[in-house]
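The lines below spell out each chain.
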Amino acid sequence: MARPTDTARESKAAAAPGSVAFILKKSFISAFVALVLFSLMIGVRTEAGPAGQLIYWTRFGDLAALVAAVFFGSIAIELIRGWLGPSRRVSLVPETLNSRLSGLQRFLAPALLVFALLVPVIFYEQRYMLDLGILVLTYVMLGWGLNIVVGLAGLLDLGYVAFYAVGAYAYALLAQNGLPFLEFSTASPFVSIQFLDLGNWAFWVLLPISGILAAFWGMLLGFPVLRLKGDYLAIVTLAFGEIIRLVLLNWQNVTGGPNGITGVPRPSLFGIPLTNTDDGLAARLGIEFSATHRVVLLFYLILALALLTNWVTIRLRRLPIGRAWEALREDEVACRSLGINTTTTKLTAFATGAMFGGFAGAFFATRQGFISPESFTFQESALVLAIVVLGGMGSQLGVALAAVAMIGGFELFRGLEQFRMLVFGGAMVLLMIWRPRGLIGHRAPSVYLEKPTEISSAMVKEGHG
Amino acid sequence: MDYFAQQLINGLVLGSIYGLIAIGYTMVYGIVGMINFAHGDIFMIGGFIALIAFLILVSLGLTFVPVILLLVLLVSMAVTALYGWTVERIAYRPLRQSFRLAPMLSAIGMSFVLSNYAQVAQGARVKPVPPVITGGYTLFENDGFVVRLSNIQIIVVVTTVILLAIFSWLVARTRLGRDMRACEQDQTMAALLGVDVDRTISMTFVIGAALAAVAGMMYLLYYGVIDFFMGFIAGIKAFTAAVLGGIGSLPGAMLGGLLIGLIETFWSAYFSSEYKDVAAFSILIVVLIFLPTGLLGRPEVEKV
């Protein structure tokens, strides 16, 4: 029997769902709630006046439009719900398409790879497309890096951007000041710190160093959070990310504070600079200098880095450590009782994920030529996490497609800058409601018993399945 | 000593505000088991609603400050509570049976929605408010250093204490409080015994949002400025307070809030104000490592 306060069932008794009266009643309630919610926030606009005092003006037109939109929107939703039938689960991608998609995966991945390789050829004249491609690939790489931590090891990391920042600042600072080393001498004070100017080789020498430094920070974060699980782990990693950002912001004499670091050295093609000089690449090849050469180099660089991330992940999965990560994701207690060292398993997951974040950070710094703490906010972490979740947590192809969809979607909203995060947040909520396992589908463990049971990432509970 | 006393007062006032927000976190975590990431932004919305209601009331010709403040408080609590209810209804209720990560991610999305909604609706610039409550008492004076207790500080602390008393009574003595405690222990069993779980969870969000609205209004009156981004940092600090006090425990949330407020104030006063947020976040990490159950929390038993 219907419980008295259960609104859905209560109204079922009064009017059947789908009937006009029911839909109208529901829509009126929604519209009324919207009216109360928006009346002050939308209906009245405040602003600091010229003399510092607050002034306000009313916007009843906008308010009315919004309330009407909610009213008709909720009618539309009810109609669609009635039309789709009693099934509560609305799937964006139909199951049949999903299974066909997994069949397609075999061909889709190589096709995408070939397309990615050809992008600079196809879009050589279109600088915008090249830049967009670089941006997408950066997020593909970040997504794949975070995927190791979240998707494979099941550790929810909300501070991934910290490692990105460590990589970027490590590269920028070392490239500008030179690589420090200790010089020993026979005269007092015997040891002195010298800085080795790396010249054109800066990027290639510092890329692995940035990655290693980021991995080190990953371990540093990993140690304290070893005992934490789930939400606690998420909030600690978030706090860690914020601490890194705040330190970068306030440690003025090293990081330049909010002004950031300008003039970060550009990459070279294995020591050959891409400048309009006599020893530049264009002059050596005897072709005309063009700024696009560097963009193409950056494109292939990030493509190579992203593919490296992917390759290492795929290889690691087949090693005992990769299997241990997946086991950890499925059930930590079972993992421990089977003799897997959860400490090293977690630490390697953090360190490996952080290392790729560091690589991406170094690339980001050399691409932008300028970095500041502005680029490493929580929003970035959330964006990368959203990519991993949208991609289905663990699926390599899914993450890549999700990055394309996400960054492409962001570009569509370029003209409406201020609505971008609004839409992003809303999309995240809707995604969780409709397809919590991601749009592309999720990844089953690499190894399982011959009779696969429901053990999969579907049971992921961040380390305690 | 005088400086110390003054900072103690400031810290207690700030801590009261954090404590009010922290109660919302701790209640929701206790019952639903999720970190309501959007709660900090609910606090921000509460501040904005209070600001707008205040402006309207003043322009309507009301001049008697206590009446204005009371009305603003009521409007802000009511509207913000509706925000809390709506957020739960839209973003969390459909996910109650989902995997554990889902509500958290949905809450992060909701947090973005709320803060950017405020930005779009009210603009990105900081909103200043003229000091409404002025005056205060000089407690003592020493070598020219005056230790003051301003009226607004008294109001913040007294309001917090009153609300806390009402709220403790609500949880301990009323039907709703009993339902809430039942849901916290075992939702299925509570439902079997006739507790309307959906309604109880909704009410938890409503009460949490109303308290956050009070915190938002107090913040507005105390600091005199408000912006759309303030919910994020305040939210994390209030969550830190909830964790420090032991998540799920109401006195713990208040105690944690006071401690965080004091630590932050003293850190700013004696070390550096730039790193006060770093100090607060470091405390979160240290507490979770060495004292995962917080000061007043119960240990969680790990079950296979």
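Above: the structure in question.
Because the structure is predicted, anything quoted here is derived from the model rather than measured. (Residues numbered from 1 in each chain as written. Chains lettered and ligands numbered in written order. Predicted model: local features only at pLDDT ≥ 70, side-chain atom pairs only at ≥ 80, totals over all residues.)

From N to C terminus, chain A includes 17 helices and 8 strands. Looking at chain A residue by residue over its 465 residues, the buried ones come to 41%. Excluding contacts between residues fewer than 6 apart, the proportion of contacts in chain A whose partners are at least 24 apart in sequence is 74%. (Helix = DSSP H or I, 4+ residues; strand = E, 2+ residues; numbered from the N terminus. Buried ≥ 20, exposed ≤ 12 C-beta atoms within 10 Å, placed from the backbone. Contact = placed C-beta atoms within 7 Å.)

This paragraph deals with the overall build of chain B. In terms of regular secondary structure, chain B is built from 11 helices and 4 strands. Expected size for 304 residues packed as a compact globule is a radius of gyration near 19 Å; at 19 Å, chain B falls within 12% of this value. Taken over the C-alpha atoms alone, chain B extends approximately 65 × 50 × 40 Å along its principal axes. Within chain B, buried positions represent 51% of all 304 residues. Considering only contacts within chain B whose residues lie at least 6 apart along the sequence, 75% involve residues at least 24 apart. (Rg over C-alpha atoms; globule rule 2.2 N^0.38 Å.)

Our focus in this paragraph is the interface of chain A and chain B. Chain A puts 53 residues into the contact, and the matching count from chain B is 58 residues. Contributions of two or more residues to the side of chain A that touches chain B are made by helix 2 (20–41), strand 1 (44–48), strand 2 (54–58), helix 8 (230–250), helix 15 (378–390) and helix 17 (417–434) of chain A. Tallying contributions element by element places helix 8 of chain A first for the side of chain A that touches chain B, with 13 residues. Across the side of chain A that touches chain B, the residue classes break down as 35 nonpolar, 9 polar and 9 charged. (Nonpolar A, V, L, I, M, F, W, Y, C, P; charged D, E, K, R; others polar.)

Let's shift gears to the nonpolar core. Counting 221 residues, the largest nonpolar core has Ile 302 and Ile 387 of chain A as its most contacted members. When residues of this core are assigned to their parent elements, the largest contribution, 16 residues, is made by helix 8 (residues 197–223) of chain B. Residue assignment places this core across two domains, with domain 1 (7–84) and domain 2 (120–382) of chain A each supplying three or more. Among all residues touching Ile 302 of chain A, those that are not within four sequence positions of it are Ile 134, Leu 137, Thr 138, Met 141 and Phe 363 of chain A. (Core = buried A, V, L, I, M, F, W, Y, C linked by C-beta atoms within 7 Å. Domains from an automatic or database assignment.)

With that settled, consider the environment of Ala 64 of chain A. Summarising the element assignment, Ala 64 of chain A is placed in helix 3 (residues 60–84). In this structure, the C-alpha to C-alpha distance between Ala 64 of chain A and Ala 351 of chain A, residues 287 residues apart in sequence, is 53 Å.

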